[in-house]
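Observations on the three-dimensional arrangement
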Amino acid sequence: MNAIVNVILAVQMLTALGMIGLILIQHGKGADMGAAFGSGSAGSLFGASGSANFLSRATAVLATVFFVATLALAYFGNQRPASTGSVLERPAAAVPAAAGTAADASVPASAAEPASGAAQIPTK
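The structure presented is a predicted model; accordingly, all values stated were derived computationally and were not measured.

A tally of helices and strands in the protein yields five helices and zero strands. Seen in sequence order, the protein has helices and strands lined up from the N terminus as α-α-α-α-α. Counting all 124 residues of the protein, 9% fall into the buried class. Within the protein, counting contacts between residues at least 6 apart in sequence, those at least 24 apart form 82% of the total.

A cluster of nonpolar residues, V7, V11, V61 and V65, forms a patch on the protein surface that exposes about 300 Å² of accessible area. For the nonpolar patch, the secondary structure elements donating two or more residues are α1 (2-25) and α3 (50-77). By the secondary structure assignment, V7 is in helix α1. Exposure remark for V7: the relative accessible area of 53% places this residue in the exposed category.

Before going further, it helps to examine the environment of V65. With respect to the helices and strands, V65 occurs in helix α3. Given a relative accessible area of 33%, V65 falls into the partly exposed group. Note: C-alpha distance between V65 and V11 (54 residues apart in sequence) is 8.2 Å. Those residues in contact with V65 that sit more than four places away from it in its chain are V11 and T15.

Residues of the protein with pLDDT of at least 70 account for 57%, and the chain-wide mean is 76. Mean pLDDT across the elements of the protein ranges from a minimum in helix α4 (residues 100-105), with 55, to a maximum in α1, with 95.

Mapped onto the secondary structure, T15 falls in helix α1. When its relative accessible area of 7% is taken as the criterion, T15 is described as buried. Excluding anything up to four places from it in sequence, T15 contacts L62, V65 and F66.

Quick look at the side chain of Q12 now. Tracing the backbone through its elements, the reader meets Q12 in helix α1. Excluding its chain neighbours within four sequence positions, the residues that come into contact with Q12 are F66, A69, T70 and L73.

Next up on the list: α1. Compared with an ideal rise of 1.5 Å per residue, which puts 24 residues at 34 Å, α1 spans 35 Å between its outermost C-alpha atoms and is within 8% of the ideal. Those residues of α1 that sit buried are I8, Q12, T15, M19 and L22.

Right, let's get into the environment of G77. The residue G77 is located in helix α3 in this model. As for G77 and V5, which are separated by 72 residues in sequence, their C-alpha atoms are 8.7 Å apart.

Parameters at a glance
- Residues numbered from 1 in each chain as written.
- Predicted model: local features only at pLDDT ≥ 70, side-chain atom pairs only at ≥ 80, totals over all residues.
- Heavy atoms only, no water.
- Helix = DSSP H or I, 4+ residues; strand = E, 2+ residues; numbered from the N terminus.
- Buried < 20%, exposed > 50% of the residue type's maximum accessible area, 1.4 Å probe, protein only.
- Contact = heavy atoms within 4.5 Å.
- Patch = residues over 30% accessible without salt bridge, like charges linked within 9 Å, V, L, I, M, F, W, Y side chains within 5 Å.
- Areas by Shrake-Rupley, 256 points an atom, 1.4 Å probe, with all protein chains shown as cover.
- Salt bridge = Lys/Arg side-chain N within 4 Å of Asp/Glu carboxyl O.
- pLDDT = per-residue confidence, 0-100.
- Expected span 1.5 Å × (residues − 1).

Structure, rendered in structure tokens:
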């Protein structure tokens, strides 16, 4: 399932970058006024108004793909594991018995027991 989430995340990132590019290429509402007076956009690849329609539709398709990818990531992110039981209900993990000398060997003798019967105050 981790591979599916990675693929969906990659699709979402690519569609986001594509939308950014398409939105930056599009002209604003004021650019149409220049085309009405013969601005030269009539000789473009898509025709006089074909460019706006193609870019608008491509942006709408990418926005839809982005929205679906976002919903899929939200669905996979909220899935819970199959066992929803409490930690207290699970069986205890088996811990191997440690030898008494191995645990005491790491602590120096001077730190393990105070020299006198009085408690020592730790210093920082």
